[in-house]
Each structure stands twice: as structure tokens, then as C-alpha cells.
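# Results of the structural survey
So the chains spell out like this:
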Amino acid sequence: MAVIPAEIRATVNLYLDGKIREWYSRGEWQRVIFLVDAKTEDEARALMETLPLAKEQLMDHSTFPSDP
């Protein structure tokens, strides 16, 4: 839980920088969906790896391309 404040700040900063376009969460799932502005899945994955929870290996994530 100690990393959560840093995770929130990092997520908001990515949103303000235009890297995360939208995000959705559902408390009962304890999951978040990020719509990321990236050209490739590798770029999106690298962006997610910058988040504190990923750095601490406390987050599982998957990337899925969307049609424009």
C-alpha cells in the first residue's frame, strides 16, 4: 500500500501528458483499464512499465491493440 500514492501521481502525470487518454476502474474487480496513446503494443507496454506498481512487480498487465 505504500506505493499507491506514487502510483496515483504517476498515473495522473501520464494522463496530463496525454499518454493515457482514459482510464476506468471497478472496485470489486480491483482492476484498472487504461486507454493508452501509443503507436505499438511495445510502446504501450514500455509506458506501463514506468508505473511504480510495475517497477515493484506488484502489477500484472496485458496490452491489446484497438482499431482506430
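Residues numbered from 1 in each chain as written. Predicted model: local features only at pLDDT ≥ 70, side-chain atom pairs only at ≥ 80, totals over all residues. Heavy atoms only, no water.

### Some remarks on the side chain of E7
In this fold, E7 is placed in helix 1 (residues 4–16). Despite its burial, E7 pairs with no opposite charge; the closest candidate is K55, at 8.9 Å N-O. A polar contact is formed between the side chain of E7 and the backbone nitrogen of L53, at a distance of 2.8 Å. Ignoring sequence-local partners within four residues, the contact set of E7 consists of L51, P52, L53 and M59. (Helix = DSSP H or I, 4+ residues; strand = E, 2+ residues; numbered from the N terminus. Buried < 20%, exposed > 50% of the residue type's maximum accessible area, 1.4 Å probe, protein only. Lys, Arg positive; Asp, Glu negative; His and termini not counted. Salt bridge = Lys/Arg side-chain N within 4 Å of Asp/Glu carboxyl O. Polar contact = N/O pair within 3.5 Å; in protein donor to acceptor, adjacent residues only side chain to side chain. Contact = heavy atoms within 4.5 Å.)

### Observations regarding the nonpolar core
Ranked by size, the top nonpolar core spans twelve residues in total: V3, A10, L14, I20, V36, A44, L47, M48, L51, L53, A54 and M59. The element best represented in this core is helix 2 (residues 41–48), accounting for three residues. Excluding its chain neighbours within four sequence positions, the residues that come into contact with V3 are P52, L53, E56 and L58. (Core = buried A, V, L, I, M, F, W, Y, C linked by side-chain atoms within 4.5 Å.)

### Observations regarding a nonpolar patch on the surface
Among the surface-exposed residues, M1, I4, I8, V12, Y15, L16, W23 and V32 lie close enough to one another that they form a single nonpolar patch of about 820 Å² accessible area. At five residues, the largest contribution of residues to the nonpolar patch is made by helix 1. Considering the arrangement of structural elements, one finds L16 in helix 1. (Patch = residues over 30% accessible without salt bridge, like charges linked within 9 Å, V, L, I, M, F, W, Y side chains within 5 Å. Areas by Shrake-Rupley, 256 points an atom, 1.4 Å probe, with all protein chains shown as cover.)

### Notes on the packing of aromatic side chains
Within the structure shown, the criterion is met by one aromatic pair. Aromatic pair Y15 and W23: ring centres 5.3 Å apart, planes at 80°, arrangement edge-to-face. Residue W23 is classed as partly exposed on the basis of its relative accessible area of 36%. (Phe/Tyr/Trp six-rings, centres within 6.5 Å; stacked < 30°, edge-to-face > 60°.)

### As for unusual backbone geometry
One non-glycine residue, Q57, lies in the positive phi region at around 55°. For Q57, the location among the structural elements is in the segment after helix 3 (52–55). Here Q57 falls in the exposed class, since its relative accessible area comes to 73%.

### So, helix 2
Within helix 2 the residues assigned to the buried category are A44, L47 and M48. In a view along the axis of helix 2, the buried residues occupy a sector of 100°, so they form one face of it. Those residues of helix 2 that are buried lie in contact with helix 1, strand 1 (20–26), strand 2 (31–36) and helix 3. (Arc of directions from axis to C-beta.)

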